[in-house]
Number of protein chains: 2
Amino acid sequence: MSDKIKMQLSCPMPKMDFDIVTLGHGSGGLLSNKLLDSGVFDLLSNEELDQRHDGAIFNLDGKVAFSTDSFVISPIFFPGGDIGELAVNGTVNDVAMCGGIPKYLSLSFILEEGMKMEEFWKILVSIKWACEKAGVKVVTGDTKVVEKGKGDKIFINTTGLGKIHPQADINVTNVEAGDKIIINGNIAAHGMAIMSVREGLEFETTIESDTCNLNFTIKALLDKFGKDIHLFKDPTRGGVATVLNEIARDRQIGVDILQKDLPLDSQVAAACEILGFDPLYVANEGLFIAVVKNEIADEVLATLKTLENGADAAIIGEVVEDHSGEVVLTSTIGGKRVVNMLVGEQLPRIC
Amino acid sequence: MSDKIKMQLSCPMPKMDFDIVTLGHGSGGLLSNKLLDSGVFDLLSNEELDQRHDGAIFNLDGKVAFSTDSFVISPIFFPGGDIGELAVNGTVNDVAMCGGIPKYLSLSFILEEGMKMEEFWKILVSIKWACEKAGVKVVTGDTKVVEKGKGDKIFINTTGLGKIHPQADINVTNVEAGDKIIINGNIAAHGMAIMSVREGLEFETTIESDTCNLNFTIKALLDKFGKDIHLFKDPTRGGVATVLNEIARDRQIGVDILQKDLPLDSQVAAACEILGFDPLYVANEGLFIAVVKNEIADEVLATLKTLENGADAAIIGEVVEDHSGEVVLTSTIGGKRVVNMLVGEQLPRIC
């Protein structure tokens, strides 16, 4: 039995007077307080949250990373996860990509009137589970409710905060020609997991979202390689292609990647084929790109393969002086083509 | 000409390729980047935001306050403000209520497909204006887009961060019987301003929202009175009645208030009468309740009257040992009644 299912079983839904969300739950008055007292505060309890003030108060010292994301994914439950754990992992990972060690989260809900309380509770337990797994805590929050038809069940904002790793110096300006580009695992799983549900393919494939917290893997790499890691970026919306383009644009440098080295699960590859998606543009939720000094690339790769979420890691390309601002892919048959940013919207509401 | 209008004139909408928000603007790809590059980054520019990383990196030292709020107000433009400045002020004030000096904000949008870019720009300029006025900066952000009919124009989350004032010790456990309860101004303006628009009364009254940043007023009080101020709370959703009930409940103590001392503008009072609202439950966006040591109450009041947003301040009641957990109001004609928390939802989507 997975840890998540164990936690779901050990956190049964408390007895509430209501089984759907009503506008009153966003009133700030009695019903809002009842909702929180019915179990939300108990479930997520920690020293800072229990202050129950308008915000949390705690100590921080030194350089910190601060990142925010709103999550509007549809459907809210999908193969491999749900909007709750996605909201925790997404922000945890953004803090980690800055070289931060995520510690505190804020959590804000926009609920649609009529949402089932049971689903809301399931998402809350999932948030708790993801927080424990990532070693972070929700210290402050907010709940708003909008009328039926003015939202879509649940939108979640998380904002994260953590100290910067003492050995980290993550900055696109550190990226140099010669640097190697490493990815920690198979691409395109998250987007295709969502797409398979939307297109009704879920019973024919076992594709699951790769949503996970990457902070411990990032920390282990920083512990070992410090400033020789020049950049981390997570290829979420827009996929690997967009993130690499952002690096090429922001650093005004070229990026070369080899199609043959892009790690891609065969089921995901097949789903991309069937549905007409280029996996380079498909969203990921458990991946990061590391741009590292050439000399350490092989060692980073070897280390990464021993770490959580790193088994399928690969060196996928390098930073070059040519074609500044552009990403060039060498295909499996040796042809070269420029890979642009994602144009238009491939998969709306993927996170 | 108001400072806000001056800023609107000095920040004309940049030339964009699009005049409405499309799903592609939330793709994370080219259109998302275009939207940001079309002027958003330039408009809100500062050292941290310009890093354009997944999060912002900055230094912090010591005790901090951290607070989040999502804003779903409808309509998004209302007499006295709009959702943009409300989102800045709301979070700035929540940080201030903790005794914090707000400095950094994250800013996250959930836009509905089809929203007019012109309205979005107007809100962005308003955010910039409110940030400058409050002395805070937006250092990181996010934009998501949902399909038409799955949102309502724009929802905004802001999360704020600031150091705790060195003389502050704001905590409900500090509240003691004998403490005086002070409010900084007239109650119920925000809620009635919104209600007057919704009910089509806006041309007959000049009621405006009281949305404003309270951080400088709070700081001035902490500078002068330090730990003798036991608690700050802002009576937003749920109004003054709900906030006082939270104090009575959390501290397990009684609260007495005098109806005759509640500052209330006559137009707002009339609107409340007509529409059948009790002003004690109507939302405020520019008010705070200070619970202070009895001995300094008159001096706090005198000081407050000299400060921004304090001209109409009043002592409205006191903390008592009797009727623990309850708020009791003495009416203008001398009768006493228990004032409960807001039950149900009085004004949905008031903030």
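Residues numbered from 1 in each chain as written. Chains lettered and ligands numbered in written order. Predicted model: local features only at pLDDT ≥ 70, side-chain atom pairs only at ≥ 80, totals over all residues. Heavy atoms only, no water.

(A) Structural context of helix H8 (residues 266-275) of chain A. All names here are of chain A. Listed in full, the buried residues belonging to H8 are Val268, Ala271 and Cys272. An end-on view of H8 places all buried positions within 100° of arc, on one side of the element. Those residues of H8 that are exposed and angled more than 90 degrees off the buried face are Ser266, Glu273 and Ile274. Its side-chain oxygen placed 3.0 Å from the backbone nitrogen of glutamine 267, aspartate 265 serves as the N-cap of H8. (Buried < 20%, exposed > 50% of the residue type's maximum accessible area, 1.4 Å probe, protein only. Helix = DSSP H or I, 4+ residues; strand = E, 2+ residues; numbered from the N terminus. Arc of directions from axis to C-beta. Polar contact = N/O pair within 3.5 Å; in protein donor to acceptor, adjacent residues only side chain to side chain.)

(B) Structural view of the sheet that holds strand E8 (residues 229-233) of chain A. Residue and element names in this part refer to chain A. With mixed pairing, the seven strands of this open sheet are ordered in space as E8-E10-E7-E11-E9-E12-E13. Whereas interior strands pair on both sides, the edge strands pair on one side only; in this sheet they are E8 and strand E13 (336-339). Direction aside, neighbouring strands of the sheet carry axes that sit 25° apart on average. As paired elements, E8 and strand E10 (residues 289-292) share four bridges and run antiparallel to each other. (Pairing = 2+ DSSP bridges. Axes fitted to C-alpha atoms, helices over the stretch in contact; angles between N-to-C directions.)

(C) Quick peek at the packing of aromatic side chains. Tallied over the full model, the rule gives nine aromatic pairs over all chains. Their ring planes at 15° and their centres at 3.7 Å tell us that phenylalanine 58 of chain A and tyrosine 104 of chain A sit as a pair that is stacked. Here phenylalanine 58 of chain A, found in strand E1 (residues 56-71), pairs with tyrosine 104 of chain A, found in strand E4 (residues 100-112); they are 46 residues apart in sequence, far enough to count as distant. The exposure classification of phenylalanine 58 of chain A matches that of tyrosine 104 of chain A, with both residues buried. Three or more aromatic residues joined by ring pairs make a cluster, and in this case those are Phe58 and Tyr104 of chain A together with Phe66 of chain B. The positively charged end of lysine 122 of chain B is found above the aromatic ring belonging to phenylalanine 77 of chain B, 4.5 Å away from the centroid. Across the ring face of phenylalanine 71 of chain A, the terminal group of lysine 144 of chain B is positioned such that the distance to the ring centre comes to 5.5 Å. (Phe/Tyr/Trp six-rings, centres within 6.5 Å; stacked < 30°, edge-to-face > 60°. Lys NZ or Arg CZ within 6 Å of the ring centre and 35° of its normal.)

(D) Focus on the confidence of the model for chain A. Within chain A, residue pLDDT values average 94, and 99% of them lie at 70 or more. As a predicted assembly, this complex carries a pTM of 0.96 together with an ipTM value of 0.96. (pLDDT = per-residue confidence, 0-100.)

(E) Summary view of the relation of the copies chain B and chain A. Overlaying chain B with chain A gives an RMSD of 0.0 Å, the required rotation being 180° about an axis along which the chain moves by 0.0 Å. In the structure described here, the two chain copies are related by an operation that fits a two-fold rotation axis. The overlap is high: 100% of the interface residues of chain B also sit at the interface in chain A, so the same surface is used on both sides. (Least-squares fit on C-alpha atoms with pLDDT ≥ 70 in both. Contact = heavy atoms within 4.5 Å.)

(F) Structural context of unusual backbone geometry. Proline 75 of chain A follows serine 74 of chain A through a cis peptide bond whose omega is 0°. Among the structural elements, proline 75 of chain A can be located in the loop between E1 and strand E2 (77-78). The phi dihedral of arginine 52 of chain A falls on the positive side, at around 50°, and the residue is not glycine. For glutamine 252 of chain B, which is not a glycine, the phi torsion comes out positive at approximately 45°. Position of glutamine 252 of chain B among the secondary structure elements: in the loop between helix H7 (239-251) and strand E9 (254-258). Classification of glutamine 252 of chain B as exposed rests on a relative accessible area of 51%.

(G) Inspection of the interface of chain B and chain A at higher detail. In this complex, chain B contributes 75 residues to the contact, which on the side of chain A involves 75 residues. In total, about 6,000 Å² of surface goes out of reach between chain B and chain A, with carbon and sulfur atoms giving 56% of it. Here chain B and chain A share eight salt bridges between them. Note that aspartate 142 of chain B and arginine 237 of chain A form a salt bridge whose closest N and O atoms lie 3.0 Å from each other. Elements with a minimum of two residues in the side of chain B that touches chain A: helix H2 (30-44), strand E1 (56-71), helix H3 (83-97), strand E4 (100-112), strand E5 (137-146), strand E6 (154-164), strand E8 (229-233) and H7 of chain B. No other element matches E1 of chain B, which puts 15 residues into the side of chain B that touches chain A. Each residue belonging to the side of chain B that touches chain A can be placed in one class, and the counts come to 31 nonpolar, 25 polar and 19 charged. Note: E1 of chain A against E1 of chain B, eleven bridges, orientation antiparallel. Considered in E1 of chain B, the bridge of phenylalanine 58 of chain A is made with valine 64 of chain B. (Buried area = accessible area lost by both parts, 1.4 Å probe. Salt bridge = Lys/Arg side-chain N within 4 Å of Asp/Glu carboxyl O. Nonpolar A, V, L, I, M, F, W, Y, C, P; charged D, E, K, R; others polar.)

(H) Representation of the side chain of glutamate 119 of chain A within the structure. Within the secondary structure, glutamate 119 of chain A is located in helix H4 (residues 117-134). Contact partners of glutamate 119 of chain A, with chain neighbours within four places excluded, come to Ile76, Phe77 and Lys153 of chain A.

(I) Examining the packing of helix H3 (residues 83-97) of chain A against H4 of chain A more closely. Residues and elements named next belong to chain A. Axis separation between H3 and H4 bottoms out at 7 Å; the angle between their running directions is 30°. As the angle between them shows, H3 and H4 are arranged roughly parallel. For the crossing formed where H3 meets H4, the hand is right-handed. Two secondary-structure elements touch here, H3 through Ile83, Gly84, Glu85, Val88, Asn89 and Val92 and H4 through Ile123, Ser126, Ile127, Trp129, Ala130, Cys131 and Ala134. Looking at the contact of H3 with H4, its residues break down into nine nonpolar, three polar and one charged. (Parallel < 35°, antiparallel > 145°, perpendicular 65-115°, else oblique. Left-handed = near helix turned anticlockwise from the far one by under 90°.)

(J) View of the pairing of strand E7 (residues 180-183) of chain B. Residue and element names in this part refer to chain B. Side chains of E7 alternate between two faces, with Lys180 and Ile182 and Ile181 and Ile183 buried alike. As paired elements, E7 and strand E10 (residues 289-292) share four bridges and run antiparallel to each other. Across the sheet, the residue bridging to lysine 180 is valine 292, located in E10. Pairing geometry for E7 and strand E11 (residues 314-320), over four bridges, is antiparallel. Within E11, the residue paired with lysine 180 across the bridge is glutamate 318.

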